[in-house]
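# Architecture and fold: a report
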Amino acid sequence: MLTPPPAPPHARSRRASVLAVPLVLLLAGCQTQSAINREPHTGSTTASTTAGVQEVVITTDQSYRFKPSTITVHPGKVRIVLKHVGTGAPHDWSLQDFPADYVPLVSAGQTKSVDFIAPGPGTYKFVCTIHVPQGQTGTLVVLPN
């Protein structure tokens with residue numbers, strides 16, 4: 001049986017180039033793609049107090065961000081109101097390390113809330129438990145008395 005002669009060097013490098021081009025384009029497409037979790041966290045607010053309850057309204061939407069993303073409260077009773085003002089996936093709100101401080105899933109157009117006693121002074125992280133990989137997090141700052 002006859003075997004074909006080896007391809008000349010310039011033909012082999014051309015084949016390698018043809019194979020490399022789709023790979024480079026694929027990788028370039030991934031690198032230039034806008035990642036949701038690169039969007040900045042924006043806004044801060046201090047809770048307003050009505051009838052002894054500090055209340056903060058947080059909005060969320062398809063951007064996988066809480067607005068505002070930084071909330072300042074004083075020790076005492078806090079009400080977090082989560083309002084889904086966009087479209088797409090539902091979101092929840094959970095104060096990490098405090099499982100009872102949780103707003104259940106809110107779908108587009110819905111509003112739900114939770115009341116809890118603020119933990120001791122410090123800085124705490126809150127998250128959407130299903131969208132942490134997309135960076136849907138925020139900060140609760142509890143001031144000293």
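This one's a predicted model, so the numbers in the text were calculated from it and none came from an experiment. (Residues numbered from 1 in each chain as written. Predicted model: local features only at pLDDT ≥ 70, side-chain atom pairs only at ≥ 80, totals over all residues. Heavy atoms only, no water.)

### Observations concerning the environment of Pro 40
- Inspection of the secondary structure puts Pro 40 in the loop between α1 (9–32) and β1 (44–46).
- Judged by its relative accessible area of 58%, Pro 40 is exposed.
- Expressed as a C-alpha distance, the spacing of Pro 40 and Gly 135, which sit 95 residues apart in the sequence, is 9.5 Å. (Helix = DSSP H or I, 4+ residues; strand = E, 2+ residues; numbered from the N terminus. Buried < 20%, exposed > 50% of the residue type's maximum accessible area, 1.4 Å probe, protein only.)

### Notes on the side chain of Thr 60
- Following the sequence through the fold, Thr 60 ends up in strand β3 (residues 53–60).
- A distance of 2.8 Å separates polar atoms of two side chains, one belonging to Thr 60 and the other to Gln 136.
- Excluding residues that lie within four positions of it along the chain, Thr 60 makes contacts with Arg 65, Leu 82, Lys 83, His 84, Val 85, Gly 86, His 91 and Gln 136. (Polar contact = N/O pair within 3.5 Å; in protein donor to acceptor, adjacent residues only side chain to side chain. Contact = heavy atoms within 4.5 Å.)

### A short note on the sheet that holds strand β7 (residues 91–95)
- The strand order across the open sheet built from 6 strands is β1-β5-β11-β10-β7-β8, with neighbouring strands paired in mixed fashion. Whereas interior strands pair on both sides, the edge strands pair on one side only; in this sheet they are β1 and β8 (102–106). Sheet twist, expressed as the mean angle between neighbouring strand axes with direction ignored, is 20°. (Pairing = 2+ DSSP bridges. Axes fitted to C-alpha atoms, helices over the stretch in contact; angles between N-to-C directions.)

### Quick look at the confidence of the model for the protein chain
- Here the protein chain averages 83 in pLDDT, and 74% of its residues register 70 or above.
- Note that pLDDT drops below 50 for residues 16–35; the model gives that stretch 2 contacts with residues more than four away or on any other chain. (pLDDT = per-residue confidence, 0-100.)

### Points about the packing of aromatic side chains
- Tallied over the entire structure, the rule returns 4 aromatic pairs.
- With a centroid separation of 6.0 Å and an interplanar angle of 25°, the aromatic rings of Trp 93 and Phe 116 are classed as stacked. In this pair, Trp 93 sits in strand β7 while Phe 116 sits in strand β9 (residues 111–117), placing the two residues 23 residues apart along the sequence. Like Phe 116, Trp 93 is buried.
- Here Trp 93 and Phe 126 contribute two aromatic rings whose centre-to-centre distance is 5.3 Å and whose plane-to-plane angle is 35°, an arrangement assigned as tilted. In this pair, Trp 93 is assigned in strand β7 and Phe 126 in strand β10 (residues 122–127), connecting sequence segments 33 residues apart. Neither residue differs from the other here; Trp 93 and Phe 126 are each classed as buried.
- Three or more aromatic residues joined by ring pairs form one cluster here, namely Phe 66, Trp 93, Phe 116 and Phe 126. (Phe/Tyr/Trp six-rings, centres within 6.5 Å; stacked < 30°, edge-to-face > 60°.)

### Comments concerning the side chain of Ser 69
- Along the polypeptide, Ser 69 turns up in the loop between β4 (66–67) and β5 (70–73).
- For Ser 69, a relative accessible area of 4% corresponds to the buried category.

### Focus: the pairing of β10
- Sheet topology note: the β7/β10 ladder contains 2 bridges and is antiparallel. Across the sheet, Leu 95 pairs through a bridge with Phe 126, a residue of β10.
- Bridge count for β10 against strand β11 (residues 137–142) is 6 bridges, and the pairing is antiparallel. Bridged to Phe 126 within β11 is Gly 138.

### A closer look at unusual backbone geometry
- Cis geometry is adopted by the peptide bond preceding Pro 68, which originates at Lys 67 and carries an omega value of 0°.
- Mapped onto the fold, Pro 68 is located in the loop between β4 and β5.
- Unusually for a residue other than glycine, Tyr 64 sits at a positive phi of about 60°.
- Positionally, Tyr 64 belongs in the loop between β3 and β4.
- Phi is positive for Asp 97, which is not a glycine, with a value near 75°.
- With respect to the helices, strands and loops of the structure, Asp 97 is situated in the loop between β7 and β8.
- Residue Asp 97 is classed as exposed on the basis of its relative accessible area of 74%.

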